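Given next are the chains, with one letter for each unit.
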Amino acid sequence: MLKKLIKYDFRAVIKYWWIAALSSVVLSIAGGWCISVFASEKELPEVLYLVATLVAIVAVLGLCAFSVLTIVFVYSRFYKNFFTDEGYLTFTLPVKRSQLLNSKLIASMMASGLTSLVIILDVAIAIFIGLNKYIEKDFFKEIWDELVGEVIRETGFYAVIYLVEILLLVILFTLFSTLFVFCCITIASIIAKKAKIITAIGVYYVANSVFTFVLQMFWLFCFDSIGNWLYDIPKNLTCPVYALIMLTGILFFGMCCGILYSLQYWMLDRKLNLS
Amino acid sequence: MNILECKNLTKSYKKNVPVLSDFNISIPAGRIVGLLGPNGCGKSTLMKLISGLLQADSGEISVGGNPVGENSKALISYLPERTYFNSSMKVNEIIEYFETFYADFDSQKAYRLLADLAIDPKANLKSLSKGTKEKVQLILVMSRNAKLYLLDEPIAGVDPAAREYILSTIVSNYNPDATIIITTHLITDVEQVLDDFVFLTFGGKIILSGNAEEARNENGKSLDELFKEVFRC
C-alpha cells in the first residue's frame, strides 16, 4: 500500500511541477545566453548588455521561484490531503497512519531531490551555453581532478566516509526541514478553526525562531572551545575528528527527525479532528 | 454475528462535555439501520469514530471483529457529509484511485451508475456542480462490496428528486449481506427503507431503538411521528 500511496502523492506533486521545471530549463538557456553576452570579447551594443542584465535577473529569480514552487507543491499537497475535506478520504483508506505520513515524506524527498537535480542541470546548461567557446576539451576533467583529486590525496580513505556522511547529512537535513514544516502545519490545523495557513506560517516562524535561538546559543558558548580544541588536534587525527564531527551532526539531525516524526504521528493519530 | 460493536464508548471535544458518553451498541449484519437524532447529538461523531477518523477517549469499537484500523477500514464504505475529492482529479482518475485502494471496489458498477446519470467519466471534478459531486461520491461509496456502509446525512441539503435518487441508489446497490447505517434527521424520507432504528439524544444516549416495522405497529405511528413525540421541545 505504501508504494501506491507514494505513487499518488508523487503524481500529485509532480502534476504541475514539471511545468515549473521546464520553465527553469528555458530560463537557464536564456541565462546561458546572458553569460555569453557578458563573456564576449567583442564590442556589443549597450542595449544588448541591458537586455542581458534583465534576462539574467529574470533567470536567477526564476530558478529561485522554481525551488519555492516545489516547496509550495509539497506542503500544499500535505495540507490539502490531510486537513481539508480530502482528509475524509485520506484517513478512511485501508492503510496505516504511518504509511500515510511516510508516503508524504518520501514523495516530498523525491520531489526535493528531483528539484535539486534540475537546478544542477540548469546551472550546467547555463554554463555550457554561456562559456562554450572558452571551455577546453579537458576542462571538466581538470576541474574534477583538481577538486576531488585534491580531497582524496589529502584525506585518503576518509574521502569516502566524508561523502557518505555529507549525503546522509543532506538527506537528514531535508527530512528534518520537511518534518518541521509538516509539524507546524499540523499544529496550526489542530489549534486554528479558521485561517489555518496563516496560523501555520505563524507557528513556523515561532518554532523556527526558538530552534535557531537555541542553536545560536549553543554555538555562542561552544564555538570558542570547539575551535580551540580543533586547532590543537594533531594532524594525523584531523580526518577522524572531522568524520566524528559530521557523525555528531548526523546523530543530532537523526534525533531531531525522530522527535518530529513521533510528534507528527502522535498528532495525526490522537489529535486529528476534521471539521 | 454482529458487524458492529461499540462498548463503553466515550468521546469529548471539550473537557467534561462528552459528545458520546459510555455509548454501547451492537448492530447485526444484513440490516439497514437509521441512526436518528437532533443536530449535535453525536451521530456524525459516532460515524467518524467507527470509520477511524477520530479516536475515542475510551471504550472499544469492533467492525467485523476487527478493532478500528487498517482491517476495519477495508470493511467500511463511508460517505461523509462533505465531498472529499481532490478537485484536480478527473472522475475516471478518482475511480482508479478507489480501485487501487479498495479490493472490493467494482469499477464496472461505478461506470454504469455514472452512465445512468450521464456523467462524463473524463470530466474534471472541479467542473462538476456540488450536487453532481455528491452523486459521484455516493456512486463511489455504493460501488464497493463493503460489509458496513456508513452514510452520514446522505440526503441533507438536496432537493426531493435528488433524495429519491440517492435512496434508490443506496437500496438497489448495496451488498445485501452488508449493514447500512444512515444518520439523518429527515426521517420521513428514509423511514421506508429502514429495518431498524436508533433514536439518539444529546450526550449520545440511546433513548429508543428497535425494529422499525414493529415500532410502527406497536405505536400506531410512523417513525417520524414517534421521533417528534420523543424529541418534542
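Residues numbered from 1 in each chain as written. Chains lettered and ligands numbered in written order. Predicted model: local features only at pLDDT ≥ 70, side-chain atom pairs only at ≥ 80, totals over all residues.

1. Section: the interface of chain B and chain A
Reasoning step 1: Between chain B and chain A, the contact holds 18 residues from the first and 17 residues from the second.
Reasoning step 2: When contributions to the side of chain B that touches chain A are tallied by element, the ones reaching two or more residues are α2 (70-75) and α3 (91-101) of chain B.
Reasoning step 3: Broken down by class, the residue content of the side of chain B that touches chain A amounts to 8 nonpolar, 7 polar and 3 charged. (Contact = placed C-beta atoms within 7 Å. Helix = DSSP H or I, 4+ residues; strand = E, 2+ residues; numbered from the N terminus. Nonpolar A, V, L, I, M, F, W, Y, C, P; charged D, E, K, R; others polar.)

2. Re unusual backbone geometry
Residues and elements named next belong to chain B.
Reasoning step 1: Its identity as a non-glycine residue notwithstanding, aspartate 22 has a phi of 50 degrees, on the positive side.
Reasoning step 2: As for its placement among the helices and strands, aspartate 22 is situated in strand β2 (residues 17-28).
Reasoning step 3: For alanine 118, which is not a glycine, the phi torsion comes out positive at approximately 55 degrees.
Reasoning step 4: On the basis of neighbour count, alanine 118 is assigned to the exposed category, with 6 C-beta atoms found within 10 Å. (Buried ≥ 20, exposed ≤ 12 C-beta atoms within 10 Å, placed from the backbone.)

3. Looking at the environment of asparagine 102 of chain A
Reasoning step 1: Take asparagine 102 of chain A: it is sitting in helix α4 (residues 97-131).
Reasoning step 2: Put simply, asparagine 102 of chain A and leucine 5 of chain A are 97 residues apart on the chain and 9.0 Å apart in space, counted from C-alpha to C-alpha.

4. Re the packing of helix α6 (residues 158-191) of chain A against helix α8 (residues 238-271) of chain A
Geometrically, a packed helix pair is captured by the angle between its two axes and the distance between the axes.
All names here are of chain A.
Reasoning step 1: At a minimum axis distance of 8 Å, the contact between α6 and α8 shows a crossing angle of 25 degrees. Classified by the interaxial angle, the pair formed by α6 and α8 is roughly parallel. Once α6 is placed against α8, the crossing between them reads as left-handed.
Reasoning step 2: Across the contact of α6 with α8, the residue classes tally to 27 nonpolar, 4 polar and 2 charged. (Axes fitted to C-alpha atoms, helices over the stretch in contact; angles between N-to-C directions. Parallel < 35°, antiparallel > 145°, perpendicular 65-115°, else oblique. Left-handed = near helix turned anticlockwise from the far one by under 90°.)

5. Concerning the sheet that holds strand β1 (residues 2-14) of chain B
All names here are of chain B.
Reasoning step 1: If you walk across this open sheet you meet the 4 strands as β2-β1-β4-β5, and the pairing is antiparallel. Every other strand in the sheet has two partners, leaving β2 and β5 (66-67) as the edge strands with one partner each.
Reasoning step 2: Strand contacts of helix α1 (residues 43-51): β1, β2 and β4 (58-63), with the helix running at about 115 degrees to β1, the strand carrying the most contacts. (Pairing = 2+ DSSP bridges.)

6. Quick word on the nonpolar core
Reasoning step 1: Within the largest apolar cluster, 111 residues are counted, with the highest numbers of intra-cluster contacts made by Ile185 of chain A together with Val33, Ile50, Leu148, Tyr149, Leu150 and Ile180 of chain B.
Reasoning step 2: Looking at this core, the element that brings in the most residues is helix α2 (residues 46-83) of chain A, giving 11 residues.
Reasoning step 3: Of the residues that make up this core, three or more belong to each of domain 1 (1-135) and domain 2 (154-275) of chain A.
Reasoning step 4: Aside from chain neighbours lying at most four places away, what touches leucine 150 of chain B is Met47, Ile50, Ser51, Ile76, Tyr78, Leu79 and Ile181 of chain B. (Core = buried A, V, L, I, M, F, W, Y, C linked by C-beta atoms within 7 Å. Domains from an automatic or database assignment.)

7. Observations regarding the sheet that holds strand β10 (residues 205-211) of chain B
All names here are of chain B.
Reasoning step 1: Spatial ordering of the open sheet is given by β6-β7-β8-β3-β9-β10, a layout of 6 strands whose pairing is mixed. Two strands close off the open sheet at either side, each with one partner strand: β6 (76-79) and β10. Taking each pair of neighbouring strands and ignoring which way they run, the sheet shows an average axis angle of 15 degrees.
Reasoning step 2: With 5 bridges connecting them, strand β7 (residues 148-152) and strand β8 (residues 179-184) associate as parallel partners. Bridge pairing in β8 links tyrosine 149 to isoleucine 180.
Reasoning step 3: Along the sheet face, helix α9 (residues 223-230) touches β3 (32-36), β9 (196-201) and β10 and points at about 20 degrees away from the line of β9.

8. Looking at α9 of chain B
All names here are of chain B.
Reasoning step 1: Those residues of α9 that fall on the buried side of the exposure criterion are Leu223, Leu226 and Phe227. For α9, the arc enclosing every buried residue in end-on projection is 100 degrees, short of the 170-degree limit, so these residues lie on one face.
Reasoning step 2: Its buried side turned inward, α9 meets β3, α7 (187-190), β9 and α8 (212-219). (Arc of directions from axis to C-beta.)

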